[in-house]
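# Structural description and commentary
In case you want the letters, here they are:
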Amino acid sequence: MSDDNGTPEAAAGPTAPTSGPRPEPLRFFGTTWVAHDHGYALRRAGVAAGALLSAAAACLVLRFAYEGLQIADSGAFVSLLVVVMFAVCSALAFRHTWDAFTKRPDPDRQASLRGLLAIGFVGSLLAYFFRSLTEAPGEKLHRREYEEAREQYARRTTRRSGNPSKKRRRT
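Conventions adopted
Residues numbered from 1 in each chain as written. Predicted model: local features only at pLDDT ≥ 70, side-chain atom pairs only at ≥ 80, totals over all residues. Heavy atoms only, no water. Helix = DSSP H or I, 4+ residues; strand = E, 2+ residues; numbered from the N terminus. Expected span 1.5 Å × (residues − 1). Buried < 20%, exposed > 50% of the residue type's maximum accessible area, 1.4 Å probe, protein only. Contact = heavy atoms within 4.5 Å. Core = buried A, V, L, I, M, F, W, Y, C linked by side-chain atoms within 4.5 Å. Salt bridge = Lys/Arg side-chain N within 4 Å of Asp/Glu carboxyl O. Phe/Tyr/Trp six-rings, centres within 6.5 Å; stacked < 30°, edge-to-face > 60°. Lys NZ or Arg CZ within 6 Å of the ring centre and 35° of its normal. Axes fitted to C-alpha atoms, helices over the stretch in contact; angles between N-to-C directions. Parallel < 35°, antiparallel > 145°, perpendicular 65-115°, else oblique. Left-handed = near helix turned anticlockwise from the far one by under 90°. Nonpolar A, V, L, I, M, F, W, Y, C, P; charged D, E, K, R; others polar.

### A few points about helix H7 (residues 121–132)
Over its twelve residues, H7 extends 17 Å from the first C-alpha to the last, a length consistent with the 16 Å expected when each residue adds 1.5 Å. Among all positions in H7, only Val122, Gly123, Ser124, Ala127, Tyr128, Phe129, Arg131 and Ser132 are buried. Where H7 is buried, its residues contact helix H3 (40–71) and helix H4 (76–100).

Right under this line is the structure:
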């Protein structure tokens, strides 16, 4: 296991150091985000394309659902309400997903927003697409945590030279 984040050693991958904290693997990227090796750029392009295609497919499904409401002749108010609901939920899901790439979300809040995030899944997919254009989604957060863990490990393992009790006092 890793010293700080509980990552199993086998999951840490080949770019992980042999001692100290191990980087936490990201979904679709493993630990290639550490050194940007082993097809990192290709994976980022694949994730971006996959997220965009998934969002487009999801919009197509939502269009079919909207046409179903039109065929059912449920009324203009219900149709407007459904469109506004999906738009608002997608915007909130986009913002929540985007924020989760830079800071760890609160688990209780995450659980309470699960339904909203499920309805606004198109927003989450779009956030994933836009973030993967610049970096692996969540890379900045994981890199910051990994660097802090490495610094703490280095401070804990540095050795002092000499016996502190025999240290000369400044006068």
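### Comments concerning the nonpolar core
Of all hydrophobic cores here, the largest spans 13 residues; its most connected members are Leu26, Phe29, Trp33, Tyr40, Tyr128 and Ala136. Elements that contribute at least two residues to this core include exactly H3 and H7. A per-element tally of this core places H3 first, with four residues. Ignoring sequence-local partners within four residues, the contact set of Leu26 consists of Trp33, Ala136, Pro137, Gly138, Glu139 and His142.

### A closer look at the pattern of salt bridges
Across all of its chains, the model carries seven salt bridges by this definition. Across the salt bridge formed by Glu145 and Arg104, the nearest N and O atoms sit 2.8 Å from each other. Taken as a pair, Glu145 in helix H8 (residues 139–157) and Arg104 in the loop between H4 and helix H5 (107–112) lie far apart in primary sequence, 41 residues in all. For Arg104, a relative accessible area of 43% corresponds to the partly exposed category. The shortest N-O distance in the salt bridge between Arg150 and Glu147 comes to 4.0 Å. Residue Arg150 and its partner Glu147 are both found in helix H8; the two are separated by three residues, about one turn of the helix. Residues participating in the shared-partner salt-bridge network are Glu24, Arg104 and Glu145.

### Digging into the packing of aromatic side chains
Scanning the model with the defined rule gives eight aromatic pairs in all. Ring pairing ties together the aromatic residues Phe28, Phe94, Trp98, Phe101, Tyr128, Phe129 and Phe130, which thus form one cluster. The ring centre of Trp98 lies 4.3 Å from the NZ or CZ of Arg131, which sits over that ring.

### Comments concerning the packing of H3 against H7
At their nearest, the axes of H3 and H7 sit 8 Å apart, and the two run at 155° to each other. The orientation of H3 relative to H7 falls into the category roughly antiparallel. As for how H3 packs across H7, the hand of that crossing is left-handed. Across the interface between the two elements, Arg44, Val47, Ala48, Ala51, Leu52, Ser54, Ala55, Ala58, Cys59 and Leu62 of H3 pack against Phe121, Val122, Leu125, Leu126, Tyr128, Phe129 and Ser132 of H7. Among the residues forming the contact of H3 with H7, the class breakdown is 14 nonpolar, two polar and one charged.

### Digging into the side chain of His96
Note on placement: His96 falls in helix H4. Accessibility expressed as a relative area gives 12% for His96, which makes it buried. When sequence neighbours within four positions are dropped, the list of residues in contact with His96 reads Pro105, Arg109, Gln110, Leu113 and Leu117.

### Details of H3
Its 32 residues place the ends of H3 46 Å apart at the C-alpha level, agreeing with the 46 Å of an ideal helix rising 1.5 Å per residue. Within the sequence span of H3, burial applies to Tyr40, Arg44, Val47, Ala48, Ala51, Ala55 and Ala58. Positive backbone phi, approximately 55°, marks Asp73, located one or two places after H3.

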